[in-house]
Amino acid sequence: MTTDAGTITSVEKVGPMQGLGGLIGVDLRVWFPLRTVLMVVVGLIIFGFMYLPWSAAPHPSVDPGFGFLFLGFLSVWSAVMLISAASFSEGAVLGEINRGTAGWLAAMPIRRASVIVAKFATAAVGYAVIIAVTGTLVYPILAGAVDRGGTGFRATVVVEVTQSPIGMWGRFADLPEFGNYLGMLAAIWAAVVFVVAAMMLLGTFLRSRTAVFGLGMMLVGLIVGGAIFGGSSVSATPAGAVWSVLQIAWGNDVALLTPIMSTLLLSIIVLGAAVWSFDRRELA
């Protein structure tokens, strides 16, 4: 009696991002198309709830001004994007650990770093599409609303306007050119991406999803609070990215590159810490 002996090949080397492509393909299906379409619709609903009452105002060319619509939409929409980032990401890593999926993946020729990077990359792409599509869709409506909303002011209110650092809370703000508007969207995206990275890090060393979500909401509160009250002192932080968006919406001239790049750099650092922590965590 004879038997055929098969050849067993051991995996001698595993690349630093082994399995990343496959994991990205799986995680992209979480975001596309359902989640991205849902979040675009949410953004449009937020805009609709603000635009319709504003448009129905008896004298929109006088009060309320266009700045109220523009600033109000950006403020609420940015907050919703940040909150959704915390909500969607709170179980991205910890959920995999609790379900045992992370341990199963680690037993395969897949690097743990690939798990973290894949989830972060797909979330970053998903939010890039959500923010770009929503922002682009509402821009023509905002452009049409500028003439109705009245961005000029009478001489009788010039003192009140010039003494207010935000132009009477944005009443007389104008719509930025489309290129600058895209920069504003990029700043919102950078802040959202930072929240995603922070949630990944929290999920690598905490065992409670409630605790992860609670801390994530605290982080969102700090970013929003810093954007409102921090001023230029937070310009190189994620709060500064949101602050710069609000400043431009108020009609002030603020550079966007510094807060965007510094926030993305912080996101990479936090993501690196998440990879380091996940690589050392017991998954059993």
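Please refer to the structure higher up on the page.
Structure report, in brief. Small disclaimer: the values here were computed from a predicted structure and weren't measured. (Residues numbered from 1 in each chain as written. Predicted model: local features only at pLDDT ≥ 70, side-chain atom pairs only at ≥ 80, totals over all residues. Heavy atoms only, no water.)

To continue, consider the nonpolar core. Residues Phe70, Leu74, Trp77 and Leu142 are the most contacted members of the largest nonpolar core, which totals 78 residues. Excluding anything up to four places from it in sequence, leucine 74 contacts Met184, Ile188, Val245 and Ala249. (Core = buried A, V, L, I, M, F, W, Y, C linked by side-chain atoms within 4.5 Å. Buried < 20%, exposed > 50% of the residue type's maximum accessible area, 1.4 Å probe, protein only. Contact = heavy atoms within 4.5 Å.)

Here we come to the packing of helix α2 (residues 66-89) against helix α10 (residues 238-249). For the pair α2 and α10, interaxial distance at closest approach is 9 Å and the crossing angle is 165 degrees. Judged on the interaxial angle alone, α10 and α2 are roughly antiparallel. In this structure, α2 meets α10 at a crossing whose hand is right-handed. Facing α2, whose interface residues are Phe70, Leu71, Leu74, Ser75 and Leu82, α10 presents Val242, Val245, Leu246 and Ala249. Split by residue class, the contact of α2 with α10 holds 8 nonpolar, 1 polar and no charged. (Axes fitted to C-alpha atoms, helices over the stretch in contact; angles between N-to-C directions. Helix = DSSP H or I, 4+ residues; strand = E, 2+ residues; numbered from the N terminus. Parallel < 35°, antiparallel > 145°, perpendicular 65-115°, else oblique. Left-handed = near helix turned anticlockwise from the far one by under 90°. Nonpolar A, V, L, I, M, F, W, Y, C, P; charged D, E, K, R; others polar.)

Enumeration according to the criterion identifies 3 salt bridges in this entry. Of the charged contacts, one joins arginine 209 and glutamate 90 as a salt bridge, the two residues approaching to 2.8 Å between their closest N and O atoms. Of this pair, arginine 209 sits in helix α9 (residues 209-229) while glutamate 90 sits in the loop between α2 and α3 (94-99), placing them 119 residues apart in sequence. Taking relative accessible area as the criterion, glutamate 90 reaches 13% and is therefore assigned buried. (Salt bridge = Lys/Arg side-chain N within 4 Å of Asp/Glu carboxyl O.)

The next subject is the environment of leucine 219. Structurally, leucine 219 can be placed in helix α9. Taking the C-alpha atoms as reference, leucine 219 lies 9.9 Å from alanine 239; in sequence the two are 20 residues apart. Setting aside residues up to four positions removed in sequence, leucine 219 forms contacts with Phe194, Val195 and Ala198.

Throughout the structure, instances matching the rule amount to 10 aromatic pairs. An angle of 65 degrees between the planes, with centres 5.1 Å apart, marks the rings of tryptophan 31 and tyrosine 127 as edge-to-face. Separated by 96 residues along the polypeptide, tryptophan 31 in helix α1 (residues 20-55) and tyrosine 127 in helix α5 (residues 112-149) bring together distant segments of the chain. Considered together, tryptophan 31 and tyrosine 127 belong to a single accessibility category, that of buried residues. (Phe/Tyr/Trp six-rings, centres within 6.5 Å; stacked < 30°, edge-to-face > 60°.)

With that settled, the discussion passes to a nonpolar patch on the surface. A surface patch of nonpolar side chains, about 340 Å² in accessible area, is lined by Leu44, Val125, Val129, Val133 and Leu137. In terms of residue count, the dominant contributor to the nonpolar patch is α5 (4 residues). Within the secondary structure, leucine 44 sits in helix α1. For leucine 44, a relative accessible area of 33% gives the class partly exposed. (Patch = residues over 30% accessible without salt bridge, like charges linked within 9 Å, V, L, I, M, F, W, Y side chains within 5 Å. Areas by Shrake-Rupley, 256 points an atom, 1.4 Å probe, with all protein chains shown as cover.)

Its place among the elements puts threonine 36 in helix α1. The class of threonine 36 is buried, set by a relative accessible area of 6%. Apart from residues lying up to four places away in sequence, threonine 36 is in contact with Trp31, Gly126 and Ile130.

With respect to the helices and strands, glycine 203 occurs in helix α8 (residues 178-205). Each C-alpha atom, one on glycine 203 and one on alanine 92, is 7.6 Å from the other, the two residues being 111 residues apart in sequence.

Moving on to unusual backbone geometry. The omega angle of the peptide bond from phenylalanine 32 to proline 33 is 0 degrees, so this bond is cis rather than trans. The topology assignment puts proline 33 in helix α1.

Our focus in this paragraph is helix α11 (residues 257-279). For α11, built from 23 residues, the straight-helix expectation of 33 Å at 1.5 Å per residue is met to within 8% by its first-to-last C-alpha distance of 33 Å. Every buried residue of α11 is listed here: Pro259, Ile260, Ser262, Thr263, Ser267, Val270, Leu271, Ala274, Ser277 and Phe278. (Expected span 1.5 Å × (residues − 1).)

This paragraph deals with the side chain of aspartate 27. Mapping aspartate 27 onto the fold places it in helix α1. Those residues in contact with aspartate 27 that sit more than four places away from it in its chain are Ala118, Lys119 and Thr122.

Turning next to the packing of α8 against α10. Where α8 contacts α10, the two axes come as close as 8 Å, and the packing angle between them is 155 degrees. It follows from the interaxial angle that α8 and α10 lie roughly antiparallel. Along this stretch, α8 crosses α10, giving a crossing that reads as left-handed. Only Pro238, Ala241, Val242, Ser244, Val245, Ile248 and Ala249 of α10 make contact with α8, whose side of the interface consists of Asn180, Met184, Ala187, Ile188, Ala191 and Phe194. Its residues assigned to classes, the contact of α8 with α10 shows 11 nonpolar, 2 polar and no charged.

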